[in-house]
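Chain and residue survey
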Amino acid sequence: MFKAHRRVIFLDIDGVLAPILGWDRYGDLDPACIQVLNEIVARGGADVVVSSTWRYGRTIPELQEMLDARGFTGRVLDRTPTGAPGANRGEEIAAWLAEHAVSGYVIIDDHADMGDLRPRLLQTQPAHGLQPADAPRAIAMLMKPMTGEPTRRAF
């Protein structure tokens with residue numbers, strides 16, 4: 001049987017790479033948060049799958065370009081599908097995982113609506129976004145074996 005060796009980071013943007021400064025004031029992409037993401041990508045050998053609402057109306061190359069412009073050095077592999085009305089982000093990520101083989105993954109988000117995928121969530125503080133102390137935890141989740149989790153079919 002095919003064994004996947006791809007690791008992915010399911011990435012939210014608001015509250016992760018763009019700190020939320022107030023309920024009505026969202027920040028710009030923060031280069032310091034992007035540097036932490038770069039460390040996770042490099043040390044974890046992972047690609048990014050955008051799960052953020054920023055994926056609406058943007059192509060994968062546009063998402064890549066937007067992140068690159070702020071210092072991102074990794075690769076945007078894909079974006080999660082848009083779920084049915086009322087679907088939460090965890091359901092959208094689960095749908096992506098059902099179609100792709102991975103050896104490990106981490107979800108980096110400021111919301112906890114991940115359902116059964118919650119053990120793979122690194123939840124950020126929305127006002128601060130991704131912090132240096134988050135990198136080791138994210139890398140550990142990426143490296144965690146997928147034993148006991150449903151088998152995914154190959155690409």
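In the block above lies the structure referred to throughout.
The structure reproduced in this document is the subject of the present report. Only a predicted model underlies this, so the values are computations on that prediction, with no experimental measurement involved. (Residues numbered from 1 in each chain as written. Predicted model: local features only at pLDDT ≥ 70, side-chain atom pairs only at ≥ 80, totals over all residues. Heavy atoms only, no water.)

Examining the sheet that holds strand β4 (residues 46-50)
Read across the open sheet, the five strands follow the order β5-β4-β1-β6-β7; overall the sheet is parallel. Among the strands making up the open sheet, the edge pair consists of β5 (76-79) and β7 (121-123). Recorded for the sheet is a direction-independent mean angle of 25° between the axes of neighbouring strands. Note: strand β1 (residues 7-11) against strand β6 (residues 104-109), five bridges, orientation parallel. From the neighbouring strand, R7 faces β6, where its bridge partner is G104. Contacting β4 and β5, helix α2 (residues 60-68) runs over the sheet at an angle of about 130° to β5. (Pairing = 2+ DSSP bridges. Helix = DSSP H or I, 4+ residues; strand = E, 2+ residues; numbered from the N terminus. Axes fitted to C-alpha atoms, helices over the stretch in contact; angles between N-to-C directions. Contact = heavy atoms within 4.5 Å.)

Thoughts on the packing of aromatic side chains
What describes a pair of aromatic rings is the distance from one ring centre to the other and the angle between the planes of the rings. The final tally for this structure, using the stated rule, is two aromatic pairs. Their ring planes at 80° and their centres at 5.4 Å tell us that F10 and W96 sit as a pair that is edge-to-face. Taken together, the residues span a long stretch of sequence, with F10 in strand β1 and W96 in helix α3 (residues 89-99) at a distance of 86 residues. Like W96, F10 is buried. Here the aromatic rings of F10 and Y105 are separated by 5.8 Å at their centres, their planes lie at 80°, and the arrangement is edge-to-face. Within this pair, whereas F10 is found in strand β1, its partner Y105 is found in strand β6, the two being separated by 95 residues in sequence. (Phe/Tyr/Trp six-rings, centres within 6.5 Å; stacked < 30°, edge-to-face > 60°. Buried < 20%, exposed > 50% of the residue type's maximum accessible area, 1.4 Å probe, protein only.)

Considering helix α1 (residues 31-44)
The terminal C-alpha atoms of α1, which comprises 14 residues, lie 19 Å apart, in line with the 20 Å expected from a rise of 1.5 Å per residue. All of the buried residues along α1 are C33, I34, V36, L37, N38, I40, V41 and G44. On its buried side, α1 packs onto β1, β4, α2, β6 and α4 (134-143). Between a side-chain oxygen at the N-terminus of α1 and the backbone nitrogen of A32 the separation is 2.8 Å; the capping residue is D30. Taken from the residues just after α1, G45 is the one with a positive phi, measuring 60°. (Expected span 1.5 Å × (residues − 1). Polar contact = N/O pair within 3.5 Å; in protein donor to acceptor, adjacent residues only side chain to side chain.)

Overview of the nonpolar core
Ranked by internal contacts, the top residues of the largest apolar core, which has 31 residues, are I9, L17, L29, L37, I40, I108 and L130. Elements with a contribution of two residues or more to this core: β1, α1, β4, α2, β6 and α4. It is α1 that contributes the most residues to this core, six residues altogether. When neighbours within four sequence positions are excluded, I108 is seen to be in contact with I9, F10, L11, D12, V16, I40, L122, T124, L130 and A138. (Core = buried A, V, L, I, M, F, W, Y, C linked by side-chain atoms within 4.5 Å.)

Comments concerning the environment of A101
Checked against the element boundaries, A101 lands in the loop between α3 and β6. Taking relative accessible area as the criterion, A101 reaches 4% and is therefore assigned buried. When the C-alpha atoms of A101 and R7 are compared, they prove to be 9.2 Å apart, with 94 residues separating the residues in sequence.

Things to note about the environment of E62
Looking at the element boundaries, E62 is found in helix α2. Among the polar contacts made by the side chain of E62, one reaches the main-chain amide nitrogen of T59 at a distance of 2.8 Å.

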